[in-house]
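Commentary on secondary and tertiary structure
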Amino acid sequence: MSSQYWQACGFVQHILQSENGSSLSFLLSILGDEVLGIWPRNADKADVNCACVSHAGLNVVTGDDFGLVKLFDFPCIEKFAKHKRYFGHSAHVTNIRFSYDDKYVISTGGDDCSVFVWKCL
């Protein structure tokens, strides 16, 4: 399996290519129409640090400056969309990803220097 990354204007698209020619693509972005609803009211545009769309394309998960991991439906196009919040990090979340099978979310913290593995139920 080969892997390619494309980055333009704040968007990163990750494309996985299997040996049989099929490909899987997912977006890793905090900007764009598809993720407009991840931004909380009165948010500074630097408050949300990272986002990842599940491989199934059903959810987007974010990490922010307040140590929160948030789970939204995808696409998330309505402002201030409903979401589930998860607490654990004591400082900002620097990166976040779904596992290859969407069963887990992995988040990394900044000042707390921690890695959390969240089970998706």
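This text goes with the structure placed above it.
Residues numbered from 1 in each chain as written. Predicted model: local features only at pLDDT ≥ 70, side-chain atom pairs only at ≥ 80, totals over all residues. Heavy atoms only, no water.

So, the overall build of the chain
Worth spelling out the cut-off: Secondary structure elements are defined from DSSP: runs of H or I of at least 4 residues count as helices, runs of E of at least 2 residues count as strands, and each element is numbered from the N terminus. Exposure categories follow from relative accessible area, calculated using a 1.4 Å probe and restricted to protein chains: below 20% of the type maximum is buried, above 50% is exposed, and the middle band is partly exposed. Here, residues are in contact when the closest pair of their heavy atoms is within 4.5 Å. Each accessible area is a Shrake-Rupley estimate made with a 1.4 Å probe; only the visible protein chains count as cover when residues are assessed.
Looking only at helices and strands, the chain features zero helices and ten strands. Taken from the N to the C terminus, the helices and strands of the chain come in the order β-β-β-β-β-β-β-β-β-β. Residues counted as buried form 39% of the 121 residues belonging to the chain. Contacts in the chain between residues far apart in sequence, at least 24 positions, make up 32% of those at least 6 positions apart. Total accessible area computed for the chain in this model is approximately 7500 Å², and 55% of it derives from carbon and sulfur atoms.

Let's talk about the nonpolar core
Put simply, the test is: By convention a nonpolar core is built from buried Ala, Val, Leu, Ile, Met, Phe, Trp, Tyr and Cys residues, the set being connected through side-chain atoms within 4.5 Å.
By size, the foremost hydrophobic cluster in this structure holds twelve residues: Ile 30, Val 35, Ile 38, Trp 39, Val 48, Ala 51, Val 53, Val 60, Phe 72, Phe 74, Cys 76 and Ala 81. Element by element, the count of residues in this core is highest for strand 4 (residues 48-53), at three residues. Beyond its immediate sequence surroundings of up to four residues, Val 60 is in contact with Val 35, Ile 38, Ala 51, Cys 52, Val 53, Lys 70, Leu 71, Phe 72, Asp 73, Phe 74 and Cys 76. Within the second largest apolar cluster, nine residues are counted, among which are Cys 50, Val 69, Val 105 and Trp 118.

Some points on the packing of aromatic side chains
Worth spelling out the cut-off: Put simply, two rings from Phe, Tyr or Trp (the six-membered ring, in Trp's case) pair if the centres are within 6.5 Å, and we call them stacked under 30 degrees between planes, edge-to-face over 60, tilted for the rest.
A complete count under the given rule lists two aromatic pairs for this structure. Look at Tyr 86 and Trp 118: their rings are 6.0 Å apart centre to centre, the planes differ by 55 degrees, and that puts the pair in the tilted class. Note that Tyr 86 is positioned in strand 7 (residues 84-87) and Trp 118 in strand 10 (residues 115-119), a separation of 32 residues in sequence. On the basis of relative accessible area, Trp 118 is assigned to the buried category, the value being 18%. Judged by centre distance (5.5 Å) and plane angle (40 degrees), the ring pair of Phe 116 and Trp 118 falls under tilted. Owing to a relative accessible area of 25%, Phe 116 belongs among the partly exposed residues under this scheme. Joined through ring pairs, the aromatic side chains of Tyr 86, Phe 116 and Trp 118 make up one cluster.

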